[in-house]
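Listed here are the chains, written in short residue letters.
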Amino acid sequence: MEIQTKQHHQKNFIFDHCDTVELANQYGTPLYVVSENLIREKCRAIKEEFLMKYPNTKAAYASKAFLTLAMCKIIEGEGLGLDVVSGGELYTAIQADFPMEKIMFHGNNKSYEELEMAVANNVGRIIVDNFFELEMLEDICSSQKKKVNILFRITPEVEGNTHSYITTGQKDSKFGIPLQEKIIESAVIQVTKSSYIDLKGFHFHVGSQLFDQQSYTKAIATAVKLMETLYIKYGFVTEELNTGGGFGINYTNEETMPIHYFVDYIMEAIEIGCREANLKIPTIIIEPGRWIVGEAGITLYTLGAIKEIPEVRTYVSVDGGLPDNPRPALYQAKYKAIVANKINEAADKVVTIAGKCCETGDILIWDLLVPTIEAGDILAVLNTGAYNFSMASNYNRLPRPAVALISDGEPQVIVERETYQHLIERESIPSHLINNKKSFNIKK
Ligand SMILES: Cc1ncc(COP(=O)(O)O)c(C=O)c1O
Ligand SMILES: N[C@@H](CCCC[NH3+])C(=O)O
């Protein structure tokens with residue numbers, strides 16, 4: 001493996017200047033390790049190859065990929081905006097003093113309370129997904145006497161070439177306002193009558209972990225057509241177009257695409273579309289999540305039970321699994337991994353890396369090439385920065401791992417490991433169950 005061969009002089013796998021075996025010893029496993037520098041490098045590439053290259057552009061980090069207070073600070077420091085999809089994500093941003101005007105609030109079923117919180121905190125854009133939300137927003141704005149800027153999320157009717165669970169732009173999708181004339185146009189007409197809500201433009205998101213540029217181009221063509229129709233029929237000028245995120249990253253053998261691979265295509269399609277339709281190019285916004293943080297994270301595990309089924313396979317179990325990384329079970333996602341304390345030993349055995357959950361589907365990696373391994377070895381699963389920590393659960397009552405952030409070669413814990421006590425913290429025992437003395441008559 002490339003990373004291993006580069007490190008002949010090292011004994012252990014080094015990730016962003018830190019010895020991963022030492023990290024495992026210091027903080028325990030499973031452990032999420034995230035590199036601040038790698039995140040910043042990605043943000044800077046977005047600045048250089050998108051924000052500085054094209055006028056009138058903005059970028060927001062899709063925080064669902066990985067969000068902590070420290071992450072808010074990194075994103076703020078890099079000058080990007082933040083895409084949030086829930087009261088919890090918004091609360092985290094508020095607690096980190098993230099500039100509220102740079103927040104984009106998404107979601108297909110925002111609650112009244114979540115919208116109240118967004119309006120009260122003056123978030124920059126609310127991406128309205130449906131009429132139900134529009135009516136709540138009108139009500140909230142009139143009672144708070146506040147104006148809000150919104151985008152309508154449209155369903156671009158594009159099938160992204162990715163796992164079906166992470167396509168969002170297809171016609172039959174829970175996300176976005178359908179493009180049928182009478183639906184989208186009546187939404188626009190309704191909002192233009194509002195004295196509280198200012199419709200700035202439109203948003204679409206095709207899907208996640210995409211490499212095919214054509215799906216963006218198709219969605220842009222649809223959005224430009226809508227912009228043109230609205231301009232011709234109603235004189236409505238689209239000031240902003242948010243083309244979502246979804247840029248794919250390298251998990252196994254795919255080549256990681258630089259940001260210009262996606263954004264140059266997007267910008268060209270917009271320029272051509274707007275020129276042909278005689279429209280002014282709106283402000284263009286992108287909101288990648290995975291592309292910014294996915295490759296900046298790894299997960300360290302300790303190997304435990306090794307079970308060889310002769311002539312079938314060898315299962316090697318780790319001290320985590322599905323609860324800290326549900327992606328293989330959910331999306332058949334593939335990962336690569338390195339035995340961190342044996343990087344200079346020849347990898348000549350094929351094993352299957354199993355999680356410790358009571359689930360047959362809790363397999364992190366099928367058929368991984370490893371050297372001779374034993375219990376106690378440290379396994380580093382690569383590219384786990386996106387949608388691992390953020391999707392982690394306590395299934396089987398496993399405490400969630402800590403997160404260590406490496407900043408300029410120095411690791412520190414930014415999220416503490418959960419304890420067994422955390423698992424019962426919100427629970428109580430009803431009085432009749434305390435001594436279990438009462439005989440219980442089950443009402444029929
Ligand atoms: C509206 C929206 N924006 C941005 C993203 C970020 O996606 P990704 O992490 O694939 O870039 C998503 C998730 O797919 C999304 O639904
Ligand atoms: N959770 C998904 C991405 C979802 C993106 C949200 N629209 C994944 O891990 O790939």
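Position numbers for residues count from 1 along each chain, tracking the sequence in the order it is written. For naming, the first written chain is A and the first written ligand is 1, with later ones following in the order written. A pLDDT threshold of at least 70 governs which residues receive local features in this predicted model, and a stricter bar of 80 or more applies before side-chain atom pairs are shown or counted, although totals over entire chains, interfaces and linings include all residues. Just so you know, side-chain values use all the structure's heavy atoms and leave hydrogens and water out.

- As annotated in an unreviewed UniProt entry, the protein chain is Diaminopimelate decarboxylase from Alkaliphilus hydrothermalis.
- As stated in UniProt under Catalytic activity (unreviewed entry), the record for the protein chain gives "meso-2,6-diaminopimelate + H(+) = L-lysine + CO2". UniProt positions are given in the numbering used here, feature names are shortened, and annotations may be inferred rather than shown by experiment.

1. A few points about the site of ligand 2
Step number 1: Residues in close proximity to ligand 2 include K64, I166, S208, R290, R327, Y331, Y387 and M391, which together make up its full environment.
Step number 2: A 3.5 Å cut-off defines polar contacts: any pair of N or O atoms within that distance qualifies, except that in protein one atom must be a possible hydrogen donor and the other a possible acceptor, and neighbouring residues in sequence count only when both atoms are side-chain atoms. R327 places a polar side-chain atom, nitrogen or oxygen, 2.6 Å from an oxygen atom of ligand 2.
Step number 3: Note that a nitrogen atom of ligand 2 is positioned 2.8 Å from one of the side-chain N or O atoms of Y331.
Step number 4: Within the complex, 84% of the 310 Å² of free accessible area of ligand 2 lies under protein.
Step number 5: With a 1 Å grid spanning the protein atoms alone, the term cavity applies to any set of points in which a 1.4 Å probe fits but cannot get out, the term pocket to an open set with protein on both sides within 12 Å along at least five of seven lines, and the term lining residue to any residue with an atom within 4 Å of a point. In this description, a molecule resides in a pocket or cavity if more than half of its atoms sit within 2 Å of the grid points defining it. Comparing atom positions with the cavity grids shows ligand 2 to sit within the second largest pocket.
Step number 6: For this classification, Asp, Glu, Lys and Arg are treated as charged, while Ala, Val, Leu, Ile, Met, Phe, Trp, Tyr, Cys and Pro are nonpolar and the rest, including Gly, are polar. Taken together, the residues of the shell around ligand 2 sort by class into four nonpolar, one polar and three charged. Definition of nearness: a residue and a molecule or strand are near each other if at least one heavy atom of the residue lies within 4 Å of the molecule or strand. The Shrake-Rupley method, run with a 1.4 Å probe, gives the accessible areas here. Residue values count only the displayed protein chains as cover.

2. Considerations on empty space enclosed by the protein
Step number 1: Grid points are joined across faces, edges and corners, and a volume is the space filled by probe spheres set on the points. Counting across every chain of the model gives one cavity of 30 Å³ or more.
Step number 2: By volume, the largest cavity amounts to about 40 Å³.
Step number 3: Y32, V33, V34, F66, G297, I298, T384, G385 and F389 together form the lining of the largest cavity.
Step number 4: We count a stretch as a helix when DSSP gives it H or I for four or more residues in a row; a strand needs E for two or more, and each element gets its number in order from the N terminus. Breaking the lining of the largest cavity down by element, the ones donating at least two residues are β3 (31-35) and β12 (297-309).
Step number 5: The element contributing the most residues to the lining of the largest cavity is β3, with three residues.
Step number 6: Of the residues contributing to the lining of the largest cavity, the split by class is six nonpolar, three polar and no charged.

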